[in-house]
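A look at the structure
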Amino acid sequence: MSIRHGLLALLERGPRYGSQLRTEFESRTGATWPLNVGQVYTTLSRLERDGMVVQDGEDEAGHALYAITESGRAELLSWFENPVDRTSPARDELAIKLAMAVGASGVDIRDVIQSQRRHTVKAMQDYTRLKAQAITAVEKAVADPGAQERDDVAWLLVLEQLIFQTEAEARWLDHCEARLIRLSAAATASRAAAPAPTGRTASPPGSTPPVTSRAGSTARSS
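A few points on the structure. (Residues numbered from 1 in each chain as written. Predicted model: local features only at pLDDT ≥ 70, side-chain atom pairs only at ≥ 80, totals over all residues. Heavy atoms only, no water.)

**Focus on the overall build of the protein chain**
Rule in force here: Every helix listed is a DSSP run of H or I at least four residues long, and every strand listed is a run of E at least two residues long, numbered separately from the N terminus. Classification of residues uses two cut-offs on accessible area relative to the type maximum, computed with a 1.4 Å probe and protein chains only: under 20% is buried, over 50% is exposed, and between them is partly exposed. For this analysis, residues touch if any pair of their heavy atoms sits within 4.5 Å. In these tables, accessible area is a Shrake-Rupley quantity obtained with a 1.4 Å probe, and a residue counts as shielded only by the protein chains included in the view.
When helices and strands are counted, the protein chain shows seven helices and four strands. Ordering the α and β elements of the protein chain from the N terminus gives α-α-α-β-β-α-α-α-α-β-β. Buried residues in the protein chain amount to 25% of all 222 residues. Summarising the internal contacts of the protein chain: among those between residues at least 6 apart in sequence, 52% fall at separations of at least 24. For the protein chain, the exposed surface amounts to about 15,200 Å²; the carbon and sulfur share of it is 54%.

What follows is the structure, given as structure tokens:
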């Protein structure tokens, strides 16, 4: 998540102070990625160091205001124009968990998958309910020019992304479970078809396996 570019996008609408930026950022995203004031001011300091924002006096309450510079506008435009880089994907905790669960002692990876699937489906249901509320808010905002239509639409887009993401996660979990079942079946078939160990004759189906005495002779159970 680029907090840096998110703050630049908000500052492009006019000078703002830290707490105001945090509130507007969370309003746009429905607090999906909450920020604390410390994060905001740390990012503003870095942007100021890089020449992308400048302090622009204070408001009536004494809050220090920040304004975007031309360099900041150029950086923001570049961010909007270029696709998000996927060559170095962010670490996904679920993918790492399943990778580490493969062959882990005392762990049934299928239990891990089923537990996650229940959580994912519940999250998808919650997001769908929130989407219905967001659509209602957008419709009211369209009817009322004084309402915060822009923030409602932004939140709706974020919600829809979360829904698509959880749907994809549920499908991936189904795929993982099916893959494990196929691999397990293939391993079982491979063991069954493997030749008998050297020096021994495989017993015909249904026969009693040979019993080897301590002296090394082989006898059959009666």
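Anyway, onward from the coordinates.
**Concerning the pattern of salt bridges**
What counts here: One speaks of a salt bridge when a side-chain nitrogen belonging to Lys or Arg is within 4 Å of a carboxyl oxygen belonging to Asp or Glu.
This model, assessed by the stated rule, comprises eleven salt bridges. Put simply, Arg 49 and Asp 50 hold a salt bridge, and the shortest N to O gap is 3.1 Å. Since its relative accessible area comes to 33%, Asp 50 is described here as partly exposed. Here Glu 177 makes a salt bridge to Arg 117, at a shortest N to O gap of 2.8 Å. One end of the pair, Glu 177, is in helix H7 (residues 149-193); the other, Arg 117, is in helix H6 (residues 109-143), with 60 residues separating them in the sequence. On the basis of relative accessible area, Glu 177 is assigned to the buried category, the value being 18%. Taken together, the salt bridges that share partners define one network made up of Arg 4, Arg 49 and Asp 50.

**Quick word on the pairing of strand E1 (residues 53-58)**
Which entries qualify depends on this criterion: For two strands to count as paired, DSSP must find a minimum of two bridges between them.
The pairing of E1 with strand E2 (residues 64-68) spans four bridges and is classified as antiparallel. Looking at the pairing, Gln 55 lines up with Tyr 66 of E2. Between the antiparallel neighbours E1 and E2 lie five residues, among them Gly 62 with a positive phi of about 90°.

**Observations concerning the packing of helix H1 (residues 3-11) against helix H4 (residues 70-81)**
Keep this limit in mind: Every angle, taken between N-to-C directions, lies between 0 and 180 degrees, and every axis is a line fitted to C-alpha atoms, over only the stretch in contact when it is a helix. Should the near helix be turned anticlockwise from the far one by less than a right angle, the crossing is termed left-handed; should it be turned clockwise, right-handed. Residue classes follow a fixed rule: Ala, Val, Leu, Ile, Met, Phe, Trp, Tyr, Cys and Pro count as nonpolar, while Asp, Glu, Lys and Arg count as charged, and any other residue, Gly among them, counts as polar.
Packing of H1 against H4 leaves a shortest axis separation of 10 Å and a crossing angle of 115°. The two elements H1 and H4 meet at a crossing, and its hand is left-handed. Between H1, through Arg 4, His 5, Gly 6, Leu 8 and Ala 9, and H4, the contact on the second element is made entirely by Gly 72, Glu 75, Leu 76, Trp 79 and Phe 80. Across the contact of H1 with H4, the residue classes break down as five nonpolar, three polar and two charged.

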